[in-house]
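# Observations on the model geometry
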Amino acid sequence: MTGQTTWLDQARDAHRRGDVAAETAALDTAIRADRGNIPALLAMAELKRRLADDRAAGSYYRLALGTAAQARSVPPSLHPGLQRAEQFLAETDRAFADHLLGQLRGAGIDTGNATPRVAEALRMLAGEQPLYLQQPNMFYFPGLAQRPFFERSDFGWAKAVEAATDAIRAELLAMVDGASDPFGPYVTAAPGRPPPNNPLLDKPDWGAAWLWKDGAVADGMAALCPATLAALELAPQPVIPARAPIALFSRLTPGTHIQPHHGMLNTRLICHLPLIVPDGCGLRVGAETRRWCEGELLIFDDSFEHEAWNRGVSDRTILLFEIWRPDIDADEREQLTRIFAAIDTYGEQ
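Attention here is on the structure that accompanies the text. What you see is a predicted model; the values in this text were computed from it and never measured.

### Digging into the sheet that holds strand S9 (residues 288-290)
- Ordered in space as S6-S11-S8-S9, the four strands form an open sheet in which the pairing is antiparallel. Across the chains shown, the open sheet's two edge strands, defined by having one partner strand only, are strand S6 (257-261) and S9. Taken over all neighbouring pairs, the strand axes of this sheet differ in orientation by 15° on average, direction set aside.
- As judged from the three bridges shared by S6 and strand S11 (residues 306-310), these two strands associate in the antiparallel manner. Each residue of the ladder has a partner; that of isoleucine 258, found in S11, is alanine 308.

### Re unusual backbone geometry
- Cis geometry marks the peptide bond from alanine 244 to proline 245, where omega comes out at 10°.
- The phi dihedral of aspartate 202 falls on the positive side, at around 60°, and the residue is not glycine.
- Tracing the backbone shows aspartate 202 in the loop between strand S2 (184-185) and strand S3 (206-213).
- Notably, alanine 242 is not glycine yet its phi reads approximately 65°, a positive angle.
- Of note, alanine 242 is situated in the loop between helix H10 (226-232) and strand S5 (247-252).

### A few points about the environment of leucine 234
- For leucine 234, the position within the fold is in the loop between H10 and S5.
- Judged by relative accessible area, leucine 234 falls into the partly exposed class, the value being 44%.
- Considering only alpha carbons, one finds leucine 234 and valine 161, 73 residues apart in sequence, at a separation of 6.9 Å.
- Aside from chain neighbours lying at most four places away, what touches leucine 234 is Trp157, Ala160 and Val161.

### Regarding the pattern of salt bridges
- Using the criterion set out here, one finds 21 salt bridges in the structure.
- Arginine 325 is paired through a salt bridge with aspartate 301; the nearest N and O atoms lie 3.0 Å apart. Of the two residues, arginine 325 sits in the loop between strand S12 (316-324) and helix H11 (330-345) while aspartate 301 sits in the loop between strand S10 (298-300) and S11, which places them 24 residues apart along the sequence.
- Residue classification places arginine 325 among the buried positions, given a relative accessible area of 0%.
- Taking relative accessible area as the criterion, aspartate 301 reaches 0% and is therefore assigned buried.
- A single network of salt bridges, built from pairs that share partners, joins Asp13, Arg16, Arg17 and Asp19.

### Focus on a nonpolar patch on the surface
- On the surface, a cluster of nonpolar side chains totalling about 300 Å² of accessible area is made up of Met138, Met264, Ile339 and Ile343.
- For methionine 264, the location among the structural elements is in the loop between S6 and strand S7 (268-276).
- The class for methionine 264 is partly exposed, based on a relative accessible area of 39%.

### Regarding the packing of aromatic side chains
- With the rule as written, the count across this model stands at eight aromatic pairs.
- Seen from their ring centres, phenylalanine 149 and phenylalanine 300 are 6.3 Å apart, and the 55° between their planes marks the pair as tilted. In this pair, phenylalanine 149 sits in strand S1 (residues 149-150) while phenylalanine 300 sits in strand S10, placing the two residues 151 residues apart along the sequence.
- When the centroid spacing of 4.1 Å and the interplanar angle of 20° are considered together, the rings of tyrosine 186 and tryptophan 206 count as stacked. One end of the pair, tyrosine 186, is in the loop between S2 and S3; the other, tryptophan 206, is in strand S3, and 20 residues separate them in sequence.

### Digging into the packing of helix H3 (residues 38-50) against helix H4 (residues 54-70)
- Between H3 and H4, whose axes approach to 8 Å, the crossing angle comes to 160°. Taken together, the axes of H3 and H4 lie roughly antiparallel to each other. When the axes of H3 and H4 are compared, the crossing they make is left-handed. Counting all contacts with H3, which are made through Ile38, Leu41, Leu42, Met44, Ala45, Glu46, Lys48 and Arg49, the residues of H4 involved are Ala56, Ala57, Tyr60, Tyr61, Leu63, Ala64, Thr67 and Ala68.

Procedures and definitions
- Residues numbered from 1 in each chain as written.
- Predicted model: local features only at pLDDT ≥ 70, side-chain atom pairs only at ≥ 80, totals over all residues.
- Heavy atoms only, no water.
- Pairing = 2+ DSSP bridges.
- Helix = DSSP H or I, 4+ residues; strand = E, 2+ residues; numbered from the N terminus.
- Axes fitted to C-alpha atoms, helices over the stretch in contact; angles between N-to-C directions.
- Buried < 20%, exposed > 50% of the residue type's maximum accessible area, 1.4 Å probe, protein only.
- Contact = heavy atoms within 4.5 Å.
- Salt bridge = Lys/Arg side-chain N within 4 Å of Asp/Glu carboxyl O.
- Patch = residues over 30% accessible without salt bridge, like charges linked within 9 Å, V, L, I, M, F, W, Y side chains within 5 Å.
- Areas by Shrake-Rupley, 256 points an atom, 1.4 Å probe, with all protein chains shown as cover.
- Phe/Tyr/Trp six-rings, centres within 6.5 Å; stacked < 30°, edge-to-face > 60°.
- Parallel < 35°, antiparallel > 145°, perpendicular 65-115°, else oblique.
- Left-handed = near helix turned anticlockwise from the far one by under 90°.

And the structure:
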């Protein structure tokens, strides 16, 4: 007789006799012997449900589902139990959220009148909002505030850059009206590398006219966009050989959607100076969505999941550039510059 048959027979026999203590002991023994015993976890969850201990039932159901998610294969005989677990958790999560928000409303607190951070915490606790964190796909710098958006008023240089909006827009329009369109696809494949899995690959829907690229002023831009380049000098841009600064005019054509993604680093912030913005455009960073307003900087941490769209009827164009995060000090910036330069020289002959 196998060990599983022993605990299962003991639990079933105790259940038939109505001996809750013995049934609990048999299941607990099986789980302690093998915390990944999905049948025993599901059986314990069902027992807790019969005892009206929904919080305990939920704990065992979650462990069963988590174990099943990591298993190479799950026997079909367990599928109904796992589906029942998912249904139970969905129902109890909703009941918990209703209870919690009802209690708080009785105390005069809800997501409408709580402070922004408390309101966000409540939405996450109630399962109404996912938890978004920095997840750069190349380099993570620890200890930085988990803050998707930064306010223009946080930066002393922002007003001076915004004051140049009309001059920057004029240079953009003159360039577009010139002999050749300076925009090319933003998403391209690097020579000798696999193409990115991006639906906008090589498409003009998301266009880029580079001002600074790979740490150098792009060809011809010094003559075409002197006011724009002068405005960029006001911002604390990273200076890293062959990497930064970067700056470009970024254009989204009507109907374009940049799918959710993460940036490469959390040591920088991305700045958008909106130049031409029709109705129906937006940017989501983490859980917060904002609209571009012409002449007003939007500054955000692109290591959070973010997406952008143009649901308007004409092109949306912004000036995009990057800056150091303000909570990285001068010594750290110098050391990070050396790190990134060393990364970029790997493999050089």
